[in-house]
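# Fold and contact review
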Amino acid sequence: MNVELVASALHFLIRRLPAWIGCSPDADVVLDDPEISPYHCCLFEQDRLLVIRDLGSAHGTFVNGRRVQRWILTSGDCVWVGRTRLLVLFGPVSASVDESAS
């Protein structure tokens, strides 16, 4: 599953899950925000669903304004970590079909 995270001037394309979000240079998505923990939250796939899990961060993880510990994400959800807002975009990869070849 390919996942895009969009924040004002930042754009992250995640091609491999699980993906760790935090301020640690070792995180998969590194955010420069003083309210974000080194490993703040994690994105992973479970039963073909995209799930976010807070990793015990001090300031919490929010989805569409609600503080969550674990949440199944849908494309278009707004995730807040610290002061950073991330728009989550994903969907099935569709192959293009050349109908003129028939």
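For the structure, check the block above.
Figured I'd write up the structure that's included with this text. No experiment lies behind these values; they were computed from the predicted model shown.

Moving on, we come to the pattern of salt bridges. Taken as a whole and judged by the stated rule, the model has two salt bridges. The residue D28 makes a salt bridge to R16 at a minimum N-O spacing of 3.5 Å. Separated by twelve residues along the polypeptide, D28 in the loop between β3 (19-22) and β4 (29-30) and R16 in the loop between β2 (10-14) and β3 bring together distant segments of the chain. Classification of D28 as partly exposed rests on a relative accessible area of 36%. Judged by relative accessible area, R16 falls into the exposed class, the value being 57%.

Attention now goes to the pairing of β2. Walk down a regular strand and you will see the side chains alternate between the two sheet faces. As defined by bridge partners, strand β1 (residues 3-7) adjoins β2 across five bridges and the pair is classed as antiparallel. For V3, the partnering residue across the bridge sits in β2 and is I14. Adjacent in sequence and paired antiparallel, β1 and β2 are bridged by two residues.

Topologically, H40 is positioned in the loop between β4 and β5 (41-46). Polar contacts involving the side chain of H40 include one to the side chain of S57, which spans 3.2 Å. Sequence-distant contacts of H40, that is, excluding residues within four places in its chain, are made with I21, G22, E35, D54, L55, S57, G60, T61, V81 and G82.

This paragraph deals with the sheet that holds β1. Read from one edge of the open sheet, six strands run β2-β1-β11-β10-β7-β8, paired in antiparallel fashion. Of all the strands in the sheet, the pair left with one neighbour each is β2 and β8 (66-68). The sheet shows a mean angle of 30 degrees between the axes of neighbouring strands, direction not considered.

It is worth spelling out unusual backbone geometry at this point. Omega for the peptide link from L17 to P18 comes to 5 degrees, which places this bond in the cis form. Along the chain, P18 turns up in the loop between β2 and β3. A positive phi is found at R48, a non-glycine position, where the angle reads about 65 degrees. With respect to the helices, strands and loops of the structure, R48 is situated in the loop between β5 and β6 (49-54).

This brings us to the side chain of D33. Positionally, D33 belongs in the loop between β4 and β5. For the buried D33, which has no salt bridge, the nearest side chain bearing the opposite charge is R83, at an N-O separation of 5.3 Å. One polar contact links the side chain of D33 to the main-chain amide nitrogen of E35, over a distance of 2.8 Å. Not counting residues up to four positions away in its chain, the partners in contact with D33 are V81, G82, R83 and T84.

Reading across the sheet, the five strands line up as β4-β3-β5-β6-β9 and stay open at both edges, with mixed pairing between neighbours. Each having just a single partner strand, β4 and β9 (70-73) make up the two edges of the open sheet. Sheet analysis places β3 next to β5, joined by three bridges and oriented antiparallel. By the bridge assignment for β5, I21 is matched with C41.

Calculation rules
Residues numbered from 1 in each chain as written. Predicted model: local features only at pLDDT ≥ 70, side-chain atom pairs only at ≥ 80, totals over all residues. Heavy atoms only, no water. Salt bridge = Lys/Arg side-chain N within 4 Å of Asp/Glu carboxyl O. Helix = DSSP H or I, 4+ residues; strand = E, 2+ residues; numbered from the N terminus. Buried < 20%, exposed > 50% of the residue type's maximum accessible area, 1.4 Å probe, protein only. Pairing = 2+ DSSP bridges. Polar contact = N/O pair within 3.5 Å; in protein donor to acceptor, adjacent residues only side chain to side chain. Contact = heavy atoms within 4.5 Å. Axes fitted to C-alpha atoms, helices over the stretch in contact; angles between N-to-C directions. Lys, Arg positive; Asp, Glu negative; His and termini not counted.

Shape is all these values report; function is a separate question.
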